[in-house]
Amino acid sequence: MKSGEAEKTEKRKRIRKKGICRSALLTPANIVSMVFVLSVLLVTPETGYGQISINFFEEPFEYDQWVIASAGGARVEGDRARFLQRHGYHGDAFGGVDDFHWEKFLENGSLIKFDGRGLVDLNNYELIFDWRNEEKGYLSMGFRETRTWYDGSGGFFPQNGAWITIFDEEHSLDRGEIWIEFGRTVPEQPQLFLRYTHRFREGTKDSTSWGDTTLTGGFGARGIVPAFQDIDETSDIVEAWLEHTHKQTDITLKLRYEAHDTNNARKARMRPGETADRSITHREISESDIFVLHAYSKTQLRENVLITAGALYSTVDTNFSGNRIYGSDFDSIYDPTFQRRNFDEGFLNLQENSNLEQFVLNLNLVAKLRKHLRLLTAIRLEKLDTDISADLLETNFISFRGGAIEKDVRKQSDRGWNDISGSVELRFTGLENFVVSIEGFWSEGDGELQEEEIATEFSRTTFQRQTDWTRKARKFSARAKWYPALGLSMSSEYYHKTRDNAYDHIDDPTVGTNASNYPAYIEVQDFETDDVNFRLTWRPYAKLTLTTRYDFQVSTIDTAGPMNPASETAETRTHIVSQSAAFFPIPRLYIQGSVSYVRDRTKTGIAEAASELGLLIAEIENDFWTATLTGGIALNEKTDLRAQLFYYDTNNYVDNSEFGQPFGSSVTELGLTLKIDRRIRENLRWALQYRYLDNNDTTSGGNNDFDAHVVYSTLQYRF
């Protein structure tokens, strides 16, 4: 029989294993582990500065609590807004409690935990309480808030160096949630779970719907004036679900209700500093109610046959309101006498109701047909219906027709959709050191769309259209893995994917005219993609591992319409080559390196036709390459030194500004990270990190360039 203390320790382990908080997948315990295993990275940027580095020190298991204090700062020269967006932390001093964890095992078999984080000027906060008992259940509640920064700069016009700044470009958006969750987990009884979550998103972010200007040195209007979005969103979510096992069947029933409130606005300036200077506020307000009922079952019919089935019913009811107003400033009151430009279209007093109803059924089968042959098959049925009705006052400005024009309009749209899809996969492992699988997927659907516009003032239908459409999708893929020798493995994959869309415009007054509206100007649109990749992992000897990967993909789009014959309207070809190496020359030293190159080309029929006139470039490029070198050494039993060098380069900028807005990008980025990690005592650890970051952006004419020096230090105390 186990001693009392040993039994408590074993029970603690079981509770920890079962106690992964449903409400916080990224728990502080996980965070602190990643901080010190992936410690070369303070905040991971999108291009991937962080690489896995080895932690030479094993953390002592007996310390169940810890606190990590941190402080840092950055010195930025150049565009702070771009630095904030790329690297995700503030450009001044910051710090606080990086992570805190406290737990206590009670005599009644329960475990309580507190986790927290609070970083000032990063606006990164978290507080979690968790109680659980493996014989009874759990209670979890918490609060979390994070901030994301955005760069609100506009476009650059190289002909005269035009770069327009009209507001603070350092935008930020705060995201957060408050939750409480209860679970009843008595063994051998139905498991019951309840959860309430309140989420919010508030702040400003950049928008790519830029305004225009004619301050281009005589080259006409160009859309390079920055715009931004005001975001104010909240949602309340209530969930309840029941899990129970009856004989060989696991059953789950789940209810979910969501209430969303949105008050967002996109704000743009048109022709700032000119006589036609005006501001646009496009405001969207909505209230949505979402109800979802979901049932799921899993049955082990026999040792080699597993069946799962699911059904879902959901409804979405939404009320929209809003306006689009041109004025002398943002959030102006509509003034019909305000001098606008011709065809400045807006709307007022939008009242729109939208209803969606969805049914989904699916069935899955996993069967082991033979000793080395496994079958996976699935089928899915879906029915979707939506109806939308909207009343609004359309506004326009046409100087040669007396200026402001207003029209009361009612718009209606009804759509129905039915879809059936299925998949089959066979996996074979009968050959020594060889695994192969093939998979097929198919989907067929049909639907209809009815649209109508009525001028309510005259009770006259001004537009009416009915469109039937069908969609067919197919995908075939094959995968193989081969292990020809110890330390050598090869894998490859190929897939062919198609999707065919056909539109039948039964009733459309615009067919055959230049006024065709989507989807009336498309009758057939087919997509086709072929993709193949190879991967080779070779360990020539114990201290060196090499990994090589090559990907190739080609995609085409064929389109036909009433005014255009069938033709290939786009083709994209992508090549990706990457090579990485990991070298461990001595037990305390490691070196990792990787190089990746992407060659991407897109051709369009329109671009090729325009290229003959010298107006555009026929081939759009999106090539880039990255290189990373990481190393670390354990100087002694208590000191670990790490370093990383990252480089990114893309050079696809095309200056056709004489005829249009330049496209593509030309950017180079360099990142250097140095970190020293010192274990002062068994339960006390200190780390100091320095990062140098350099960004050069030709696309923006150098306006988004920056150099930054970042220092960051942490002190971890375990108890």
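Because the structure is a prediction, the values reported are computed rather than measured.

**Here we look at a negative patch on the surface**
Part 1 of the argument: A surface patch of negative charge is lined by Asp261, Glu287, Asp289 and Asp317.
Part 2 of the argument: Secondary-structure assignment places Glu287 in strand β12 (residues 278-302).

**So, the pattern of salt bridges**
Part 1 of the argument: This structure, assessed with the given rule, holds 44 salt bridges.
Part 2 of the argument: A salt bridge links Glu77 to Arg75, with the shortest nitrogen-to-oxygen separation between them at 2.8 Å.
Part 3 of the argument: One salt bridge in this structure joins Glu453 and Lys411, with 3.5 Å as the shortest N-O distance. With Glu453 in strand β17 (residues 434-455) and Lys411 in strand β16 (residues 403-428), the pair connects residues that are 42 residues apart, well separated along the chain.
Part 4 of the argument: Judged by relative accessible area, Glu453 falls into the buried class, the value being 17%.

**Things to note about unusual backbone geometry**
Part 1 of the argument: Residues other than glycine seldom take positive phi values, yet Glu188 does so here, at roughly 65°.
Part 2 of the argument: In this structure, Glu188 sits in the loop between β8 (170-184) and β9 (191-213).
Part 3 of the argument: At Asn349, a residue that is not glycine, the phi angle is positive and equals roughly 55°.
Part 4 of the argument: Locating Asn349 in the fold gives a position in strand β14 (residues 346-370).

**Section: the nonpolar core**
Part 1 of the argument: Within the largest apolar cluster, 14 residues are counted, with the highest numbers of intra-cluster contacts made by Phe83, Tyr89 and Leu693.
Part 2 of the argument: Sorting the residues of this core by element identifies β1 (66-78), α3 (80-87) and β29 (706-718) as the ones contributing at least two each.
Part 3 of the argument: Per element, the largest residue contribution to this core is 4 residues, and it comes from β29.
Part 4 of the argument: Counting 6 residues, the second largest nonpolar core, distinct from the first, contains Leu384, Trp417, Tyr503 and Ile522.

**A closer look at α3**
Part 1 of the argument: A large share of α3 lies buried, amounting to 6 of its 8 residues.
Part 2 of the argument: Regarding α3, the residues found buried are Ala81, Arg82, Phe83, Leu84, Arg86 and His87.
Part 3 of the argument: Packing partners of the buried residues in α3 comprise β1, β5 (137-151), β8, β27 (666-681), β28 (684-697) and β29.
Part 4 of the argument: Its side-chain oxygen at 3.3 Å from the backbone nitrogen of Ala81, Asp79 defines the N-terminal cap of α3.
Part 5 of the argument: Looking one or two residues beyond α3, the residue adopting positive phi is Gly88, at roughly 75°.

**A short note on the environment of Leu488**
Part 1 of the argument: Inspection of the secondary structure assignment puts Leu488 in strand β19 (residues 488-507).
Part 2 of the argument: Every residue in contact with Leu488, bar those within four places of it in the chain, is listed here: Trp482, Tyr483, Leu536, Thr537 and Trp538.

**Re the pairing of β12**
Part 1 of the argument: In this structure, strand β11 (residues 249-270) lies alongside β12, joined through 22 bridges in antiparallel fashion. In the strand pairing of β12, Asp261 is matched with Glu287.
Part 2 of the argument: Inspection of the sheet shows β12 paired to strand β13 (residues 305-327) by 23 bridges, in the antiparallel sense. In the strand pairing of β13, Leu293 is matched with Tyr313.

The rules behind these values
Residues numbered from 1 in each chain as written. Predicted model: local features only at pLDDT ≥ 70, side-chain atom pairs only at ≥ 80, totals over all residues. Heavy atoms only, no water. Patch = residues over 30% accessible without salt bridge, like charges linked within 9 Å, V, L, I, M, F, W, Y side chains within 5 Å. Areas by Shrake-Rupley, 256 points an atom, 1.4 Å probe, with all protein chains shown as cover. Salt bridge = Lys/Arg side-chain N within 4 Å of Asp/Glu carboxyl O. Lys, Arg positive; Asp, Glu negative; His and termini not counted. Charge placed at Lys NZ, Arg CZ, Asp CG, Glu CD. Helix = DSSP H or I, 4+ residues; strand = E, 2+ residues; numbered from the N terminus. Buried < 20%, exposed > 50% of the residue type's maximum accessible area, 1.4 Å probe, protein only. Core = buried A, V, L, I, M, F, W, Y, C linked by side-chain atoms within 4.5 Å. Contact = heavy atoms within 4.5 Å. Polar contact = N/O pair within 3.5 Å; in protein donor to acceptor, adjacent residues only side chain to side chain. Pairing = 2+ DSSP bridges.

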